[in-house]
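Descriptive analysis of the structure
Listed below are the residues making up each chain.
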Amino acid sequence: KQEVTQIPAALSVPEGENLVLNCSFTDSAIYNLQWFRQDPGKGLTSLLLIQSSQREQTSGRLNASLDKSSGRSTLYIAASQPGDSATYLCAGEAELIFGQGTTLQVKP
Amino acid sequence: EPEVTQTPSHQVTQMGQEVILRCVPISNHLYFYWYRQILGQKVEFLVSFYNNEISEKSEIFDDQFSVERPDGSNFTLKIRSTKLEDSAMYFCASRDSDSLYGYTFGSGTRLTVV
């Protein structure tokens, strides 16, 4: 049974810092991996999708990598801004199994 | 940009009552899902639906739950006799057949059972 773990559970950084969020999964037969953002009390906004055959994806200040052999994915956020404050979730297919999230606070 | 639409955004119901949560997936998507998130906890998979039948379901999805695609656009989750512990945010999601863009989630229905 696939299990997804995210470290750290919470992170507080000053504005402008570069940061890395970690996601690990137990079953290397994972298909795709998707990163989401969730604001308090809100839905899930897709940030990046890394398909099975890919190793990384980039969108603006975000870069996500996937290493299936080690069971890890990372989300890199460059030059963090207060608007980046949210909970970041990773989830692996099939049937999207979620980690518990990393709650990020970026202080101005 | 195509969206998954969920209604209502918030539903309050008495324990033991039936509730139906509604979703309109993206029109050309073929795979549909329900997830739930109890306050402060992980997002949990409930059920996946493809070709008018359930393809996978979790242990949470017991006989109290059912899903239906009553027409070409709607996808519903029914809880027959709600319990206090069913209080959660329920998310609908859909994806295309090749998962080119991953899963798209709706904004959720907050269900409160009193």
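For the structure, check the block above.
Here we summarise the structure given alongside this text. (Residues numbered from 1 in each chain as written. Chains lettered and ligands numbered in written order. Predicted model: local features only at pLDDT ≥ 70, side-chain atom pairs only at ≥ 80, totals over all residues. Heavy atoms only, no water.)

The interface is formed by 20 residues belonging to chain A together with 21 residues belonging to chain B. Between chain A and chain B, roughly 1500 Å² of surface is buried when both sides are summed, and carbon and sulfur atoms account for 54% of that area. At the junction of chain A with chain B, the criterion picks out zero salt bridges. In the side of chain A that touches chain B, the residues fall into eight nonpolar, nine polar and three charged. (Contact = heavy atoms within 4.5 Å. Buried area = accessible area lost by both parts, 1.4 Å probe. Salt bridge = Lys/Arg side-chain N within 4 Å of Asp/Glu carboxyl O. Nonpolar A, V, L, I, M, F, W, Y, C, P; charged D, E, K, R; others polar.)

Moving on, we come to the environment of Leu39(B). Its location among the elements puts Leu39(B) in the loop between β4 (31–37) and β5 (43–50). Expressed as a C-alpha distance, the spacing of Leu39(B) and Arg110(B), which sit 71 residues apart in the sequence, is 9.9 Å. (Helix = DSSP H or I, 4+ residues; strand = E, 2+ residues; numbered from the N terminus.)

Moving on: the side chain of Arg36(B). Residue and element names in this part refer to chain B. Along the polypeptide, Arg36 turns up in strand β4. Since its relative accessible area comes to 10%, Arg36 is described here as buried. Not counting residues within four places of it along the chain, the set of residues in contact with Arg36 comprises Lys42, Val43, Glu44, Leu46, Ile60, Glu85, Asp86, Ala88, Met89 and Tyr90. (Buried < 20%, exposed > 50% of the residue type's maximum accessible area, 1.4 Å probe, protein only.)

Right, let's talk about unusual backbone geometry for a bit. Omega for the bond connecting Ile7(A) with Pro8(A) falls within 30 degrees of zero, at -5°, which places this linkage in the cis form. Within the secondary structure, Pro8(A) is located in the loop between β1 (4–7) and β2 (10–14). A cis amide bond, omega -10°, links Thr7(B) with the succeeding residue Pro8(B). One non-glycine residue with positive phi stands out, namely Asn52(B), at about 65°. Checked against the element boundaries, Asn52(B) lands in the loop between β5 and β6 (53–57).

Residue and element names in this part refer to chain A. Under the definition given, this model contains three salt bridges over all chains. For Asp39, the salt bridge is made with Arg37, and the minimal N-O distance between the two is 3.0 Å. What makes Asp39 partly exposed here is its relative accessible area of 28%. For Arg37, a relative accessible area of 17% puts it in the buried group. Residue Asp84 pairs with Arg61 through a salt bridge whose shortest N-O separation is 2.8 Å. On the criterion of sequence distance, the pair formed by Asp84 in the loop between β8 (72–77) and β9 (86–92) and Arg61 in the loop between β6 (56–59) and β7 (62–67) is long-range, its members being 23 residues apart. On the basis of relative accessibility, which here comes to 30%, the residue Arg61 falls in the partly exposed class.

Function-wise, these values are silent; they only describe arrangement.
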